[in-house]
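Take a look at the letters that make up each chain.
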Amino acid sequence: MTADARRLLLVAAVALVDADGRVLLAQRPEGKALAGLWEFPGGKVESGETPEQTIVRELREEIGVETKVDCLAPLTFASHTYDDFHLLMPLFVCRRFWGVPQPLEGQALKWVRPIQMRDYPMPPADLPLVPHLIDLL
């Protein structure tokens, strides 16, 4: 498949940052593409949603925490070509959220220091986001 024929997939991701400056990573569960790799919480932007609205919805659905669009700060984005689609993924930083993250979709969750993120295998699209977070935090 040529690059021109690949569909564009818009996904939003968030670096949830706790009071100690750690970032929440989620491990992709068995049965999903890229299972076992660690990623930032988020998901596909649905029709009629902004990326920020997607983050608010996904945090509620995936890990049971609440936040508001106003609590999301855009940091950077990833643009990565996979075999059958091209991924465009804005990354937001969120320091204000309510609730304790819970693995509601069978995924493992882990709070890690920014420099430790390099020790966790991640999908190719997520890897270039890590240095931006290390610089910020």
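Think of each chain on its own: its residues are numbered from 1, step by step along the sequence as written. Under the rules for a predicted model, residues below a pLDDT of 70 receive no local features and side-chain atom pairs below 80 are neither given nor counted, while totals for whole chains, interfaces and linings still include all residues. Only hydrogens and water are set aside when side-chain values are computed; all heavy atoms of the structure are taken into account.

1. Remarks on the overall build of the chain
Put simply, the test is: Runs of E in the DSSP output that reach at least two residues are strands. Runs of H or I that reach at least four are helices, and both are numbered from the N terminus. Throughout, the radius of gyration refers to the C-alpha atoms, and the reference size of a globule is 2.2 Å times the residue count to the power 0.38. Each residue gets one of three labels from its accessible area relative to the maximum for its type: buried under 20%, exposed over 50%, partly exposed in between, using a 1.4 Å probe on protein chains only. Only heavy atoms enter the contact rule, under which two residues are in contact if any of them lie within 4.5 Å. For the charge count, each Lys or Arg is scored as positive and each Asp or Glu as negative, with His and the chain ends excluded. Think of each charge as sitting on NZ of Lys, CZ of Arg, CG of Asp or CD of Glu.
Helices and strands together make up the secondary structure of the chain, namely two helices and seven strands. The C-alpha radius of gyration of the chain comes to 14 Å, within 12% of the 14 Å expected for a compact globule of 137 residues. The C-alpha extent of the chain, read off along each of the three principal axes, is 45 × 35 × 30 Å. Residue burial in the chain is summarised as follows: out of 137 residues, 45% are buried. Contacts in the chain between residues far apart in sequence, at least 24 positions, make up 67% of those at least 6 positions apart. Here the chain contributes 14 positively and 19 negatively charged side chains, and the mean placements of these two sets differ by 4 Å.

2. A short note on the UniProt feature "domain: Nudix hydrolase" (unreviewed entry) in the chain
This is how the line gets drawn: UniProt positions are given in the numbering used here, feature names are shortened, and annotations may be inferred rather than shown by experiment.
Following the UniProt record, the feature "domain: Nudix hydrolase" (unreviewed entry) maps to residues 6-135 here. Segment residues 6-135 splits into 15% helix and 35% strand. End C-alpha atoms: 32 Å apart.

3. Section: the sheet that holds strand β4 (residues 42-44)
For the record, the criterion: At least two DSSP bridges between two strands are required for those strands to pair. Geometry is summarised by axes, namely lines fitted to C-alpha atoms with helices restricted to the contacting stretch, and by angles between N-to-C directions that run from 0 to 180 degrees.
One open sheet accounts for four strands, arranged β4-β1-β6-β5; its pairing is mixed. With one partner strand each, in any of the chains shown, β4 and β5 (72-81) form the two edges of the open sheet. Looking at each pair of strands side by side, their axes are set apart by 20° on average, direction ignored. In this structure, strand β1 (residues 7-16) lies alongside strand β6 (residues 85-94), joined through eight bridges in parallel fashion. Bridge assignment links Leu8 to a residue of β6, and that residue is His86.

4. Some points on unusual backbone geometry
If you check the backbone angles, Leu34 has positive phi at about 60° while not being a glycine. Topologically, Leu34 is positioned in the loop between β2 (23-27) and β3 (38-39). Residue classification places Leu34 among the partly exposed positions, given a relative accessible area of 37%.

5. Side note on helix α1 (residues 51-63)
Rules: The span you would expect from a helix comes to 1.5 Å times its residue count less one.
Taking 1.5 Å as the rise per residue, α1 with 13 residues should run 18 Å; its terminal C-alpha atoms sit 17 Å apart, in good agreement. Against the buried residues of α1 lie β1, β2, β4, β5, β6 and β7 (108-112). Positive backbone phi, approximately 70°, marks Gly64, located one or two places after α1.

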